[in-house]
Amino acid sequence: PPPAPADPICPPALGGAVSFDPPLFHAQYDDWYHAVRSQHGISRTRAFSTLPERIQRAEMELGFLSATRHALEGLRQRLQALETERRRRMEVLRETVAEVCARELGREVGLAEPALEEVLSLHKSNVKGVFGEMVEGRGMRLPHG
């Protein structure tokens, strides 16, 4: 291609215009367009949506394989502490639910232990109690005292 004309205002733009190859541009655009369409198709699949979790699991497995015995023992102790904390929270939840249901509903309720992968959390309460907002929403007065 001939050298770009010397233009003090915008030499790069003129150089690009002089060396522009329309067939090459169209081929590159078509390649890009088909790649993007293919990526969109892949990103909508279930395999793609679970990719971050699978990568995280693979990284954890690799970490376990390369960990020292001391590090693995520390991990085991932390997992045991978490399991103990989980059991303690479940017991608090059982007692709370049993007490509230007996007091508020006059019913005995028992809770089954959830699967290990289920997260146990206690939601914050307020002064109105568990059923306070529902009672007020129906226009009833809450007893105080």
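Residues numbered from 1 in each chain as written. Predicted model: local features only at pLDDT ≥ 70, side-chain atom pairs only at ≥ 80, totals over all residues. Heavy atoms only, no water.

## Notes on the overall build of the protein
Here is step 1: Each helix and strand in the protein was counted, giving six helices and zero strands.
Here is step 2: Starting at the N terminus and walking to the C terminus, you meet the elements of the protein as α-α-α-α-α-α.
Here is step 3: Across the 145 residues in the protein, those meeting the buried criterion constitute 6%.
Here is step 4: Across the protein, the fraction of contacts at a sequence separation of at least 24, relative to all contacts at a separation of at least 6, is 38%.
Here is step 5: As displayed, the protein has an accessible area near 12900 Å², and 60% of this comes from carbon and sulfur atoms. (Helix = DSSP H or I, 4+ residues; strand = E, 2+ residues; numbered from the N terminus. Buried < 20%, exposed > 50% of the residue type's maximum accessible area, 1.4 Å probe, protein only. Contact = heavy atoms within 4.5 Å. Areas by Shrake-Rupley, 256 points an atom, 1.4 Å probe, with all protein chains shown as cover.)

## Overview of the environment of Arg107
Here is step 1: Its place among the elements puts Arg107 in the loop between helix H5 (69-105) and helix H6 (132-137).
Here is step 2: Once you skip the residues sitting within four places of it in the chain, Arg107 turns out to touch Cys101 and Ala102.

## Notes on the confidence of the model for the protein
Here is step 1: In the predicted model, the protein carries a mean pLDDT of 81, and the fraction of residues at 70 or more is 79%.
Here is step 2: Ranking the elements of the protein by mean pLDDT puts helix H1 (residues 11-18) last with 58 and helix H2 (residues 22-43) first with 90. (pLDDT = per-residue confidence, 0-100.)

## Describing the packing of aromatic side chains
Here is step 1: One pass over the structure, following the stated rule, counts two aromatic pairs.
Here is step 2: An angle of 40 degrees between the planes, with centres 5.7 Å apart, marks the rings of Tyr29 and Trp32 as tilted. In this pair, Tyr29 and Trp32 both sit in helix H2, three residues apart, roughly one turn of the helix.
Here is step 3: On the basis of relative accessible area, Tyr29 is assigned to the partly exposed category, the value being 40%.
Here is step 4: With a centroid separation of 6.3 Å and an interplanar angle of 25 degrees, the aromatic rings of Tyr29 and Tyr33 are classed as stacked. Taken together, the positions of Tyr29 and Tyr33, both in helix H2 and four residues apart, correspond to about one turn of that helix.
Here is step 5: Each member of the aromatic cluster is reached from another via a ring pair, and the members are Tyr29, Trp32 and Tyr33. (Phe/Tyr/Trp six-rings, centres within 6.5 Å; stacked < 30°, edge-to-face > 60°.)

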